[in-house]
Amino acid sequence: MIVSIASDHAGYALRQKIVSHLKEKGFEVLEGGATSSSESYSYVKAGQKVARDVNDGTALRGIVICGTGIGISIVANKYKGIRCALCTNEFMARMSREHNDANVLALGERVIGYGVALSTVDAFFEEEFLGEWHVIRVNDIKEQEDELFK
Ligand code: RB5
């Protein structure tokens, strides 16, 4: 699976951990965003990169990271076809897949520790969309998108 991941400076250190973790697990990783944690980088630009990669099919899933995960998740969710879930634990990541068919995970480096972040990432990739009645809700979101992105 190809995963696009990007962060601003405030998510840079966590991004390094996640990239190594995903590569060890055999994922193909496309990386973008800040090149260090000391130089300011726009979370808007980082979020746009991942959202575009997932939106155009370059990557199947994405991970976006900033200090809180808030700004970058707002950016990603402005793109058609993006269902970005800001998660602070494994349970939220599992639910985001099972119920919402989330395709982008947002994390806040200043919010969670590395251990919780990695287990959240693992849950996001392990869990599948449940389908069933959740399809109705996700289709409603898609219908809303069709209305907004005419
Ligand atoms: C950067 O200082 C910070 O504002 C950013 O990483 C993020 O938390 C915004 O939502």
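Structure: see above.
Residues numbered from 1 in each chain as written. Predicted model: local features only at pLDDT ≥ 70, side-chain atom pairs only at ≥ 80, totals over all residues. Heavy atoms only, no water.

Draft legend 1. Quick look at the overall build of the protein chain. Assigned secondary structure in the protein chain consists of six helices and five strands. Tracing the protein chain from N to C terminus, the helices and strands come up as β-α-β-α-β-α-β-α-β-α-α. Against the globule reference of 15 Å for 150 residues, the protein chain gives a C-alpha radius of gyration of 14 Å, in line with a compact fold. The principal-axis extents of the C-alpha atoms in the protein chain amount to approximately 45 × 30 × 25 Å. A fraction of 71% describes how many contacts in the protein chain between residues 6 or more apart in sequence connect residues 24 or more apart. A total accessible area of about 7500 Å² is found for the protein chain, and carbon and sulfur atoms account for 51% of it. Side-chain charges in the protein chain split into 17 positive and 21 negative, and the spacing between the mean points of these groups amounts to 4 Å. (Helix = DSSP H or I, 4+ residues; strand = E, 2+ residues; numbered from the N terminus. Rg over C-alpha atoms; globule rule 2.2 N^0.38 Å. Contact = heavy atoms within 4.5 Å. Areas by Shrake-Rupley, 256 points an atom, 1.4 Å probe, with all protein chains shown as cover. Lys, Arg positive; Asp, Glu negative; His and termini not counted. Charge placed at Lys NZ, Arg CZ, Asp CG, Glu CD.)

Draft legend 2. Expanded view of the nonpolar core. By size, the foremost hydrophobic cluster in this structure holds 22 residues, and its most contacted members are Ile-18, Leu-22, Ile-63, Leu-107, Val-121 and Phe-125. Counting residues per element, this core draws most heavily on helix 5 (residues 114–126), which supplies five residues. (Core = buried A, V, L, I, M, F, W, Y, C linked by side-chain atoms within 4.5 Å. Buried < 20%, exposed > 50% of the residue type's maximum accessible area, 1.4 Å probe, protein only.)

Draft legend 3. Just the state of the cysteines, in detail. Applying the stated criterion across every chain yields a total of zero disulfides. Cys-84 provides the cysteine sulfur closest to Cys-66, a residue in no disulfide bond, and the two sulfurs are 9.6 Å apart. (Disulfide = S-S within 2.5 Å.)

Draft legend 4. Molecular detail of the site of the ligand. Residues in contact with the ligand, as listed here, are Asp-8, His-9, Ala-10, Tyr-43, Cys-66, Gly-67, Thr-68, Gly-71 and Arg-110. Contact distances for the ligand include 2.6 Å between an oxygen atom and a side-chain N or O atom of Asp-8. Relative to its unbound accessible surface of 300 Å², the ligand loses 71% to contact with the protein. (Near = heavy atom within 4 Å. Polar contact = N/O pair within 3.5 Å; in protein donor to acceptor, adjacent residues only side chain to side chain.)

Draft legend 5. Quick peek at the pairing of strand 5 (residues 104–108). Most of strand 5 sits inside the fold, with five of its five residues counted as buried. Residues Val-104, Ala-106 and Gly-108 of strand 5 are buried on one face, and the alternating residues Leu-105 and Leu-107, pointing to the opposite face, are buried as well. Looking at chain direction, strand 3 (residues 61–66) and strand 5 are connected through five bridges and run parallel. In the sheet register, Cys-66 faces strand 5, and the bridge partner there is Gly-108. As paired strands, strand 4 (residues 84–86) and strand 5 are joined by three bridges and run parallel to one another. The residue bridging Ala-85 from the neighbouring strand is Leu-105, located in strand 5. Each parallel crossover has a hand, and the one from strand 4 via helix 4 (residues 90–98) to strand 5 is right-handed. (Pairing = 2+ DSSP bridges. Right-handed = clockwise from strand over helix to strand, strands pointing away.)

Draft legend 6. Inspection of the sheet that holds strand 5 at higher detail. Taken in spatial order, the five strands of this open sheet run 2-1-3-5-4, and their pairing is parallel. Of all strands in the sheet, those with a lone pairing partner are strand 2 (28–33) and strand 4, marking the two edges. If you compare each strand with its neighbour and ignore which way they point, the axes differ by 20° on average. Contacting strand 1 (2–7), strand 2, strand 3 and strand 5, helix 2 (residues 43–55) runs over the sheet at an angle of about 170° to strand 1. Its contacts with the sheet put helix 5 on strand 1, strand 3 and strand 5, and the angle it makes with strand 5 is roughly 170°. (Axes fitted to C-alpha atoms, helices over the stretch in contact; angles between N-to-C directions.)

These figures capture arrangement, not role.
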